[in-house]
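Residue-level listing of the chains:
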Amino acid sequence: MFADQVKIFVKAGDGGKGCISFRREKYVPKGGPNGGDGGKGGDIIVRATEDLNTLLDLKYHLHYRAKRGEHGKGKNKHGKDGPAIIIHVPVGTVVKDFNTGEILSDLTEEGMEVIAVKGGRGGKGNAFFVTSTRQAPRFAQPGEEGEEKWLLLELKLIADVGLIGMPNSGKSTLISAISSARPKIADYPFTTLSPVLGVVRHGDLKSFVVADIPGLIEGAHKGAGLGFQFLRHVERTSILAHLVDVSEDSPGDPIENFKIINRELGLYDPSLVERHQVVVANKIDVMGKGDKLPRLKKFCEESGYRIFPISAITGKGINDLLSYFSIKVEGLRSKTKGQAQQIERIWT
């Protein structure tokens, strides 16, 4: 199972109480104060790890409470700090304050962490309050309360290429053909019920990550189909590969289907429409003698989109597509203007 959003409650540990104590020994009947400080309460830390790819485990453990710090003791003994609790989440998790919506951290790399709630400070013992005019204070501080809040954890997959398109456009078939990912594939809508990641290596070029984003149909930005819960995964992709079914029996018009998905992206987040996007005309092995592919090519030429006719089933055209992805991804990773211009010269 896959889970990409979860709400949890976190409560940091309270600080330990400071101690009220006086030195009492056989030959020192009126010794001075020696009450130690209380220990700090345990923090709760959210840390990213590449060992996880879902928030599912957190759905079954919704409350986290760190231990309080130990109380101070006599003989100037300070209480031990409460141990921190570390909550492990997948890389790509956004940590938000549920009540305010404030983003506490965006954990995009292995080992990144954020202190979600801080433990309370320990109270000072009476030895701390000794002054020249106050030799025997009979008071100490209580420990501070630890912070508490509800957190909203949202996982946004980190991928170089995101596969988008209408249901049954062949996204799952393509990702299974170019990577070791093995999504469920069948001839009905919403076969893919969760995003699927695949690592692709083409020839001697560096590998890149492809994500199959399911559930996009008209009205997805409002929750139609499965789109609302998965649109967030498009946000982190560098390149959008828009699969369009050009087979003879494909439902709807390919150009209109393309426009519908792009409209949904823009309604969800206007910046997504500006993301680098290529059109992948899939199922050319069964396109018949219709005009779907020629019309789509003409539309792409007029609109400035690069188009790759392929068959995910037979493999036709896939090498050219992967070569483009590999070089384009490497250029985007380099973030240098010179390399980006060189890539554009290669493919224009």
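Read on for an overview of the structure.

Reading guide: rules and limits
- Residue numbers run consecutively from 1 along every chain, following the written order of its sequence.
- The predicted nature of this model means local features are confined to residues of pLDDT at least 70 and side-chain atom pairs, given and counted, to a pLDDT of 80 or more, with totals for whole chains, interfaces and linings taken over all residues.
- Side-chain figures throughout are based on the complete set of non-hydrogen atoms in the structure, without hydrogens or water.
- Helix numbering and strand numbering both begin at the N terminus, where a helix is a DSSP run of H or I of at least 4 residues and a strand a DSSP run of E of at least 2.
- Note on contacts: a residue pair qualifies if any of its non-hydrogen atoms lie within 4.5 Å across the two residues.
- Shrake-Rupley sampling with a 1.4 Å probe provides the accessible areas, and residues are treated as covered by the protein chains on show and by no other component.
- Between any two strands, pairing holds if DSSP finds at least two bridges.
- Whenever a helix is involved, its axis is fitted only over the stretch in contact; in every case the axis is a line through C-alpha atoms, and angles between N-to-C directions fall within 0 to 180 degrees.
- Only Phe, Tyr and Trp rings take part, Trp by its six-membered ring, and two of them pair if their centres are within 6.5 Å. Stacked means planes under 30 degrees apart, edge-to-face means over 60, and tilted covers everything else.
- Think of it in three bands: residues with accessible area under 20% of the maximum for their type are buried, residues over 50% are exposed, and the middle band is partly exposed, with areas taken using a 1.4 Å probe on protein chains only.
- Under the rule applied, a polar contact is a pair of N or O atoms within 3.5 Å (in protein, one hydrogen donor and one hydrogen acceptor; residues adjacent in sequence only if both atoms are side-chain atoms).
- When an angle is under 35 degrees it counts as roughly parallel; over 145 it counts as roughly antiparallel; between 65 and 115 it counts as roughly perpendicular; any other value is oblique.
- Lys, Arg, Asp and Glu make up the charged group, whereas Ala, Val, Leu, Ile, Met, Phe, Trp, Tyr, Cys and Pro make up the nonpolar group; the residues left over, Gly among them, are polar.

Within the protein, the secondary structure is distributed over six helices and 14 strands. Intrachain contacts of the protein at a sequence separation of at least 6 include 72% that bridge at least 24 residues. Surface summary for the protein: the accessible area is close to 18000 Å², and the carbon and sulfur share equals 51%.

For the rest of this paragraph, the subject is the sheet that holds strand S7 (residues 113-117). Strands sit in the order S4-S2-S7 across an open sheet of three strands; the sheet is mixed. Every interior strand has two partners, whereas the edge strands, strand S4 (85-90) and S7, have only one. Strand-to-strand twist of the sheet, defined as the mean angle between neighbouring strand axes without regard to direction, takes the value 30°. Direction of pairing for strand S2 (residues 44-49) relative to S4: parallel, over a ladder of six bridges.

With that settled, consider the packing of aromatic side chains. The tally for this structure, following the rule as stated, stands at eight aromatic pairs. With a centroid separation of 5.3 Å and an interplanar angle of 50°, the aromatic rings of Phe308 and Tyr324 are classed as tilted. A residue pair is termed long-range when its members are at least 10 positions apart, and Phe308 in strand S14 (residues 306-309) and Tyr324 in helix H5 (residues 318-334) qualify at 16 residues. The pair Phe308 / Tyr324 is uniform in exposure class, with both members buried. One aromatic cluster in this structure is built from Phe208, Phe308, Tyr324 and Phe325.

Despite not being glycine, Lys75 has its phi angle at roughly 60°, a positive value. As for its placement among the helices and strands, Lys75 is situated in the loop between strand S3 (63-65) and S4. The exposed category is assigned to Lys75, whose relative accessible area is 67%.

Within the open sheet, the six strands sit side by side as S10-S11-S9-S12-S13-S14. Their pairing is mixed. In this open sheet, the two edge strands, each paired with only one partner strand, are strand S10 (196-200) and S14. Going from strand to strand, the sheet's axes swing by 25° on average, the running direction of each strand aside. As defined by bridge partners, S10 adjoins strand S11 (residues 208-212) across five bridges and the pair is classed as antiparallel. Bridging from a neighbouring strand, Val200 pairs with Phe208 of S11. Lying on the sheet, helix H1 (residues 171-178) is in contact with strand S9 (161-165), S10, S11 and strand S12 (239-245); it crosses S11 at an angle near 155°. Lying on the sheet, helix H4 (residues 292-303) is in contact with S12, strand S13 (276-282) and S14; it crosses S14 at an angle near 160°.

Before going further, it helps to examine the side chain of Lys11. Within the secondary structure layout, Lys11 lies in strand S1 (residues 5-11). According to the relative accessible area criterion, Lys11 is buried, its value standing at 12%. One polar contact links Lys11 to Asp14, side chain to side chain, over a distance of 2.8 Å. Residue contacts for Lys11: discarding those within four places in its chain leaves Ile44, Tyr64, Arg65, Ala66, Val117, Gly146, Glu147 and Glu148.

Interaxial distance between helix H3 (residues 254-268) and H4 falls to 9 Å at its minimum, and their mutual angle equals 45°. Relative to H4, the element H3 is oriented oblique. Residues Pro254, Ile255, Phe258 and Lys259 of H3 pack against Lys292, Arg295, Leu296 and Phe299 of H4. Here the contact of H3 with H4 is composed, by residue class, of five nonpolar, no polar and three charged.

Such coordinate-based values are descriptive only and should not be taken to indicate function.
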